[in-house]
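For reference, the chains in residue letters:
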Amino acid sequence: MASAAEQLASNLNFAAFAKAEDLKKRIWFTLGALLVYRLGTYIPLPGINPDAFAQAFTQQSRGVLGIFNMFAGGAVERMALFALGIMPYISASIIMQLMTSVVPSLEALKKEGEQGRKIINQYTRYGTVLLAVVQAYGISAGLEGGNGIVTDPGMFFRASTVITLVGGTMFLMWLGEQITARGIGNGISLIIFAGIVAGLPSAISGTLELGRTGALSTGLILAIIVLAIVVIALIVFFERAQRRLLIQYPKRQVGNRMFQGDTSHLPLKLNTAGVIPPIFASSLLLLPATVAGFSNTATLPGWVSTVMAALGHGQPLYMLLYAAMIVFFAFFYTAIVFNPKDTADQLKKHSGFIPGYRPGERTAEYIDYVLTRVTVIGAAYLVVICLMPEFLISATGVPFYLGGTSLLIVVNVTLDTVAQIQGHLIAHQYEGLIKKSKLRGGKRGR
């Protein structure tokens, strides 16, 4: 019975999708925009020796450059037009979120609604340009310092590199906004999603090739596939999990009639911080190793080499610090994006209250109490998801392409995009019902 109902619902969805012309146009626009992005990751910077850069990148692919390359869809290892990717915009957005909680004027703008949000978005764009210029100049200087990477070093190369990379980042920011407005899903997230997924075919073929040559056993490959399915199901479960707080509204009288008070729920996500904690933690941990890799190892003190070895992938110190940083950033970023006091003030403003707790300060304390305990579970979930690939790599030596961070991003973006498609289908069906009812009403009137 249940399967028949699911099949009927699926048929209805396909029928609705076939009639939803606006949704089709949005999907085609999104696919076209992502195709343009992928083409840009193959256009190389002028003045670069590809062979020399490929050799230098291979030596640093385990550091921060490897993470940036994954998010940029392979553009870093090719030193392409979109090598900076969308990361400067994400960094600027995070910085603005932090500043809105610290700077009173920005906090006031945040509370002004749509107009204030537009001003903050404009500040974010300015911050993106500034960060992109700094990072692009650092890249140009680093490339010149490499052995034979730049064919004609000098100020002209630096200027052209900065202009090209900053222009690529600004184009991606604009493209992401266009996808959000005229396509399906969040444009910035989909660009990162496309960059990560683009490397999956080669990773899968590489794993199968290891199985064919006997480097990996068939049983181990099957176990990895089953584990991946289990981990994806676990991510879906935890990302959709919520702790709902009951909100009640008092009875109200309109004229001589008394209306019953409404009830609703305040959802607290298990993982409010999203993918920010693992991104921050991995970037900070891999940054010293990346800097040391670009330096001359012969001139480094002995204790620096010892620390670098202890912070290598799979080492106990690396695992411990990685887990500790994920937990710290989970609590830190949750405190930034969710303010219990503001939520309690909004409930009080609209006459809402949590049963058993006085509106105002007591409500804020209770929300903070529940949020803290929910975040403990969310942080533990992030630690398990992110450390599991590290343990498997150190234990089996299997080169996992998708780490915990990238897997979280892929699953989250997929869930968000599917939800938006379903929302468009429901809106289309609703519009169709309204049109039918108007037609019937018009026929009756005649």
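Given the structure is predicted, the values throughout are model-derived calculations rather than measurements. (Residues numbered from 1 in each chain as written. Predicted model: local features only at pLDDT ≥ 70, side-chain atom pairs only at ≥ 80, totals over all residues. Heavy atoms only, no water.)

K.L.:
Hey, could you run me through the overall build of the protein chain in this one?
P.N.:
Each helix and strand in the protein chain was counted, giving 17 helices and four strands. Here the protein chain holds 446 residues, and the buried ones make up 36% of them. Contacts spanning at least 24 positions in sequence make up 74% of the contacts within the protein chain whose residues lie at least 6 apart. Entry remark: accessible area of the protein chain is about 25,200 Å², with carbon and sulfur atoms responsible for 64%. (Helix = DSSP H or I, 4+ residues; strand = E, 2+ residues; numbered from the N terminus. Buried < 20%, exposed > 50% of the residue type's maximum accessible area, 1.4 Å probe, protein only. Contact = heavy atoms within 4.5 Å. Areas by Shrake-Rupley, 256 points an atom, 1.4 Å probe, with all protein chains shown as cover.)

K.L.:
Which parts of the structure should I look at to understand the nonpolar core?
P.N.:
Taken as a class, soluble globular proteins show a tendency for nonpolar side chains to be buried jointly. In this structure, Phe71, Ile86, Ile235, Leu245, Tyr322, Leu408 and Ile409 are the most contacted members of the largest nonpolar core, which totals 64 residues. Residue contributions to this core peak at eleven residues, all from helix H16 (residues 361-396). Once residues within four sequence positions are removed from consideration, Ile409 is found in contact with Phe71, Ile192, Ile196, Val275 and Ile279. Counting 21 residues, the second largest nonpolar core, distinct from the first, contains Phe57, Met79, Ala132 and Leu143. (Core = buried A, V, L, I, M, F, W, Y, C linked by side-chain atoms within 4.5 Å.)

K.L.:
Would you take a moment to explain the confidence of the model for the protein chain for this structure?
P.N.:
Reading predicted coordinates in detail is not appropriate for stretches of low pLDDT. On average, residues of the protein chain score 80 in pLDDT, and 81% of them reach the 70 mark or higher. The weakest mean pLDDT in the protein chain belongs to helix H1 (residues 2-19) at 52; the strongest belongs to helix H8 (residues 155-182) at 92. Counting contacts from residues 1-12, a segment whose pLDDT is below 50, to residues more than four positions away or on other chains yields one contact. (pLDDT = per-residue confidence, 0-100.)

K.L.:
Help me out: how do you make sense of unusual backbone geometry in this one?
P.N.:
Outside of glycine, negative phi angles account for most residues, and trans bonds account for most peptide bonds. Of note in this structure, Met79 is not a glycine but carries a positive phi near 45 degrees. Positionally, Met79 belongs in the loop between helix H4 (64-71) and helix H5 (87-102).

K.L.:
Just checking my understanding: could you explain the packing of H5 against helix H7 (residues 114-145) for this structure?
P.N.:
Each pair of packed helices can be described by the angle between their axes along with the distance between the axes. It is the contact of H5 with H7, at a shortest axis distance of 8 Å, that shows an interaxial angle of 130 degrees. Here H5 is positioned oblique relative to H7, judged by the angle of their axes. Like other packed secondary-structure pairs, H5 and H7 cross with a definite hand, here right-handed. Facing H5, whose interface residues are Pro88, Tyr89, Ser91, Ala92, Ser93, Ile95, Met96 and Thr100, H7 presents Ile120, Tyr123, Thr124, Gly127, Thr128, Leu131, Ala132 and Gln135. Here the contact of H5 with H7 is built from residues that sort into nine nonpolar, seven polar and no charged. (Axes fitted to C-alpha atoms, helices over the stretch in contact; angles between N-to-C directions. Parallel < 35°, antiparallel > 145°, perpendicular 65-115°, else oblique. Left-handed = near helix turned anticlockwise from the far one by under 90°. Nonpolar A, V, L, I, M, F, W, Y, C, P; charged D, E, K, R; others polar.)

K.L.:
Looking at this structure, how should I read the environment of Gln346?
P.N.:
One can find Gln346 in helix H15 (residues 340-349). What makes Gln346 partly exposed here is its relative accessible area of 45%.

K.L.:
Got a minute to help me understand the pattern of salt bridges in this structure?
P.N.:
Between side chains of opposite charge, pairing is possible as soon as their charged atoms come close. Inspection of every chain in the model, using the stated rule, returns seven salt bridges. A salt bridge links Glu144 to Arg158, with the shortest nitrogen-to-oxygen separation between them at 2.8 Å. Remark: Arg158 occurs in helix H8 and Glu144 occurs in helix H7; sequence separation between them is 14 residues. One salt bridge connects Arg212 with Glu209, and the closest N-O pair in it is separated by 2.6 Å. Of the two residues, Arg212 and Glu209 both sit in helix H10 (residues 200-213), three residues apart, roughly one turn of that helix. Note on Arg212: relative accessible area 62%, which makes it exposed. (Salt bridge = Lys/Arg side-chain N within 4 Å of Asp/Glu carboxyl O.)

K.L.:
Just checking my understanding: could you explain a nonpolar patch on the surface for this structure?
P.N.:
Judged by side-chain polarity, Val327, Phe331, Val376 and Ile377 come together as a nonpolar surface patch covering roughly 300 Å² of accessible area. Those elements that place two or more of their residues in the nonpolar patch are helix H14 (316-337) and H16. Accessibility expressed as a relative area gives 32% for Val327, which makes it partly exposed. (Patch = residues over 30% accessible without salt bridge, like charges linked within 9 Å, V, L, I, M, F, W, Y side chains within 5 Å.)

K.L.:
How do you make sense of H10 when you look at a structure like this?
P.N.:
Since the α-helix packs 3.6 residues into each turn, any two residues three or four apart lie on the same face. Here H10 spans 20 Å end to end across 14 residues, near enough to the 20 Å set by a 1.5 Å rise per residue. Phi turns positive one or two residues past the end of H10, at Gly214, with a value near 90 degrees. (Expected span 1.5 Å × (residues − 1).)

K.L.:
Help me understand the environment of Ile409, please; the structure alone is not making it clear to me.
P.N.:
Looking at the element boundaries, Ile409 is found in helix H17 (residues 404-445). Counting along the chain gives 216 residues from Ile409 to Phe193, while the straight-line C-alpha distance between them is 6.8 Å.

K.L.:
Teacher, can you tell me more about the packing of H5 against H14 here?
P.N.:
One can describe the packing of H5 onto H14 by two numbers: an axis separation of 9 Å at closest approach and a directional angle of 65 degrees. Where H5 crosses over H14, the two elements pack in a sense that is left-handed. Two secondary-structure elements touch here, H5 through Ile94, Gln97, Leu98 and Ser101 and H14 through Phe332, Tyr333, Ile336 and Val337. The residue makeup of the contact of H5 with H14, split by class, is six nonpolar, two polar and no charged.

K.L.:
Can you walk me through the packing of aromatic side chains in this structure?
P.N.:
Aromatic ring pairs are defined here through the distance separating the ring centres and the angle between the ring planes. Throughout the structure, instances matching the rule amount to eleven aromatic pairs. Arranged with centres 6.1 Å apart and planes meeting at 15 degrees, the rings of Tyr37 and Phe82 form a pair that is stacked. Pair noted here: Tyr37 is in helix H2 (residues 21-40) and Phe82 is in the loop between H4 and H5, with a separation of 45 residues, a long-range link. Accessibility assignment for this pair places Tyr37 and Phe82 in one class, buried. Ring centres 4.8 Å apart and planes at 10 degrees place the aromatic pair Phe238 and Tyr381 in the stacked group. With Phe238 in helix H11 (residues 218-240) and Tyr381 in helix H16, this residue pair connects regions lying 143 residues apart in the sequence. Residues Phe238 and Tyr381 agree in their burial class; the two are buried. Among the aromatic side chains, those forming a connected cluster through ring pairs are Tyr37, Phe82, Phe171 and Trp174. Sitting over the ring of Tyr42, Arg78 keeps its end group 3.9 Å from the ring centre. (Phe/Tyr/Trp six-rings, centres within 6.5 Å; stacked < 30°, edge-to-face > 60°. Lys NZ or Arg CZ within 6 Å of the ring centre and 35° of its normal.)

K.L.:
What is the right way to read the side chain of Thr41 from this model?
P.N.:
Its place among the elements puts Thr41 in the loop between H2 and helix H3 (50-60). Ignoring sequence-local partners within four residues, the contact set of Thr41 consists of Ala72, Gly73, Ala75, Arg78, Ala80 and Phe82.

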